[in-house]
Amino acid sequence: MTTHILQLSDFHLLKNHADELRGVPTADCLTDLLTLVRANYSAADLFVLSGDIAAYGDVEAYHQTRELLADLLPRCVMIPGNHDETDLMRQAFPETIAGSPGPVTFSCDVAGWRMIGLDSHVAGAVHGELCGDQLQWLADEFSQHRDQATLLFMHHPPISVESTWLDRIMLRNANDLTKVLHAAPQVRGIFCGHVHQEFSGSFGAIPVHTTPATAIQFAPHTEELQFDNVPPGFRVIELDGDKFHTHIVRLPELKYPAT
Ligand SMILES: [Fe+2]
Ligand SMILES: [Fe+2]
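What you see as residue numbers is a count from 1 along each chain, following the sequence as written. Working convention: letters from A go to chains and numbers from 1 go to ligands, in the order in which they are written. For this predicted model, a pLDDT threshold of at least 70 governs which residues receive local features, and a threshold of 80 or more governs which side-chain atom pairs are given and counted, while totals over whole chains, interfaces and linings are taken from all residues. As a rule here, side-chain values cover all heavy atoms of the structure and leave hydrogens and water aside.

(A) Geometry of the coordination of the iron ion (ligand 2). The protein atoms that coordinate the iron ion (ligand 2) are D52 (OD), N82 (OD1), H155 (NE2) and H194 (ND1), at distances spanning 2.1 to 2.2 Å. Distances define the donors: N, O and S atoms within 2.8 Å of the metal qualify, as do those within 3.2 Å of Na, K or Ca. Water is excluded, so some sites may look unfinished. Just to be clear on the cut-offs, tetrahedral is four donors with all angles between 85 and 135 degrees, square planar is four donors and octahedral six with opposite donors over 155 degrees apart and all others between 65 and 115, and anything else goes down as irregular. Angles of 89 to 163 degrees at the metal separate the four donor atoms of the iron ion (ligand 2), which places the site in the irregular class. We note that the donor set of the iron ion (ligand 2) lies within a single chain, spaced as D-x29-N-x72-H-x38-H. The metal-metal distance between the iron ion (ligand 2) and the iron ion (ligand 1) comes to 3.5 Å, with D52 coordinating both. In this pair, D52 is assigned in the loop between β2 (46–49) and α2 (59–68) and N82 in the loop between β3 (76–78) and α3 (86–92), connecting sequence segments 30 residues apart. We count a stretch as a helix when DSSP gives it H or I for four or more residues in a row; a strand needs E for two or more, and each element gets its number in order from the N terminus.

Given below as structure tokens:
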């Protein structure tokens, strides 16, 4: 039986369910996507929420997430994005986020694979960074699970997505991550959010995939922010032995274009 992992990213939820961001009711967008998820992927093994759950770090955004994902929460793991408030995330999801204080990370086994989520959030900044303690934790994870094929999740991509304005706000210390990855040939892929678009590249020999937002989409290959008129979506990852296949699923139409 195929193992499915779903990556949902960049909800950008606001204080109230009906509130809009650039003319887009972000909670309604997430609700529509979750209807699609429940219709076609209700048996997914893991749901990875890869940051920017809140648009402005409001605690209400986390409470809405709890309500909207209620039945799926036991199979959810999450990491923060630059728009999140990690302390409020911790308080809102005590059963999901382990350890305190420190980075909001996760590691778990799925069908014999190791899934690891990293916290690239930097307080008060838009770009991402992985602190030294976390890189040491990651190195320890890799050495303790050397024989397991592994996927990494983090909000900020460690590579260019070929858009000038986004490339300025990526993971700043990708070189430090490279050093840790040298000792981890078991890592099969890196999955990120933050850029609100589908993009595939590689970090050294490791494939990197970014995922559309569940709400507002950014156009690819731009000098500055431009919205894209494609529907919101999420990523499906299928584990197949020690390989994976991945693709994007989008809503059938764009109901709420950003303005
Ligand atoms: Fe975002
Ligand atoms: Fe972000």
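Still more to cover.
(B) Representation of the nonpolar core in the model. What is meant by a nonpolar core is a set of buried Ala, Val, Leu, Ile, Met, Phe, Trp, Tyr and Cys residues, joined one to another through side-chain atoms within 4.5 Å. To sort residues, take the accessible area from a 1.4 Å probe on protein chains only and compare it with the maximum for the residue type: under 20% means buried, over 50% means exposed, and anything in between is partly exposed. Counting residues in each nonpolar core, the largest one holds 37 residues, and the members touching the most others are F142, L152, L177, L181 and I190. Broken down by secondary-structure element, the contributors of at least two residues to this core are β5 (113–118), α4 (132–144), β6 (150–154), α5 (164–167), α6 (174–182), β7 (187–192), β8 (199–203) and β9 (206–210). Considering each element in turn, this core owes the most residues, four residues, to α6. Among the nonpolar cores identified, the runner-up in size contains 33 residues, and L6, L13, A44 and A61 belong to it.

(C) Highlighting the UniProt feature "domain: Calcineurin-like phosphoesterase" (unreviewed entry) in the protein chain. The UniProt record annotates "domain: Calcineurin-like phosphoesterase" (unreviewed entry) at residues 4–197. Counted over residues 4–197, helix gives 30% and strand 18%. Its end C-alpha atoms are 21 Å apart. UniProt positions are given in the numbering used here, feature names are shortened, and annotations may be inferred rather than shown by experiment.

(D) A look at the layout of surface pockets. Put simply, the grid is 1 Å and covers the protein atoms alone, a cavity is a trapped set of points that fit a 1.4 Å probe, a pocket is an open set with protein on both sides within 12 Å along at least five of seven lines, and lining residues have an atom within 4 Å of a point. Grid points are joined across faces, edges and corners, and a volume is the space filled by probe spheres set on the points. Quantified by volume, the largest pocket comes out at close to 310 Å³. Lining of the largest pocket is provided by 17 residues; of these, H12, H83, H196, F218 and L225 occupy positions nearest its centre. Of the residues assigned to the lining of the largest pocket, the class counts are 10 nonpolar, five polar and two charged. Each residue is assigned to one of three groups, with Ala, Val, Leu, Ile, Met, Phe, Trp, Tyr, Cys and Pro labelled nonpolar, Asp, Glu, Lys and Arg labelled charged, and all others, Gly among them, labelled polar.

(E) Here's a closer look at the coordination of the iron ion (ligand 1). Within the protein, the atoms that donate to the iron ion (ligand 1) are D10 (OD), H12 (NE2), D52 (OD) and H196 (NE2), at distances of 2.1 to 2.3 Å. Seen from the iron ion (ligand 1), its four donor atoms lie at angles of 88 to 172 degrees, and the figure they make is irregular.

(F) Up close: the pattern of salt bridges. For salt bridges, the criterion is a side-chain nitrogen of Lys or Arg within 4 Å of an Asp or Glu carboxyl oxygen. Under the defined criterion, the tally for this structure stands at nine salt bridges. A salt bridge links K15 to D58; the nearest nitrogen and oxygen atoms lie 3.5 Å apart. Placement of the pair is K15 in the loop between β1 (3–8) and α1 (26–40) and D58 in the loop between β2 and α2, with a sequence separation of 43 residues. Residue classification places K15 among the partly exposed residues on the basis of a relative accessible area of 43%. By relative accessible area, which is 16% here, D58 ends up buried. The closest approach of N and O atoms between R38 and D71, which form a salt bridge, is 2.7 Å. In this pair, R38 sits in helix α1 while D71 sits in the loop between α2 and β3, placing the two residues 33 residues apart along the sequence. When its relative accessible area of 45% is taken as the criterion, D71 is described as partly exposed. Through salt bridges with shared partners, a single network forms among K15, D58 and E60.

(G) Fine view of the pairing of β2. Neither face of β2 is exposed, since L46 and V48 on one face and F47 and L49 on the opposite face are all buried. In the sheet, β1 pairs with β2 via four bridges, with the strands oriented parallel. Paired with L6 across the bridge in β2 is F47. For the crossover that starts at β1, traverses α1 and ends in the parallel β2, the hand is right-handed. Strands pair, by our definition, only if DSSP identifies at least two bridges between them. The pairing of β2 with β3 spans three bridges and is parallel. Considered in β3, the bridge of L49 is made with M78. By definition, the crossover connecting two strands over a helix is right-handed if that path, from the first strand to the second, turns clockwise as seen with the strands pointing away from the viewer. The parallel pair β2 and β3 is bridged by α2, and the resulting crossover is right-handed.

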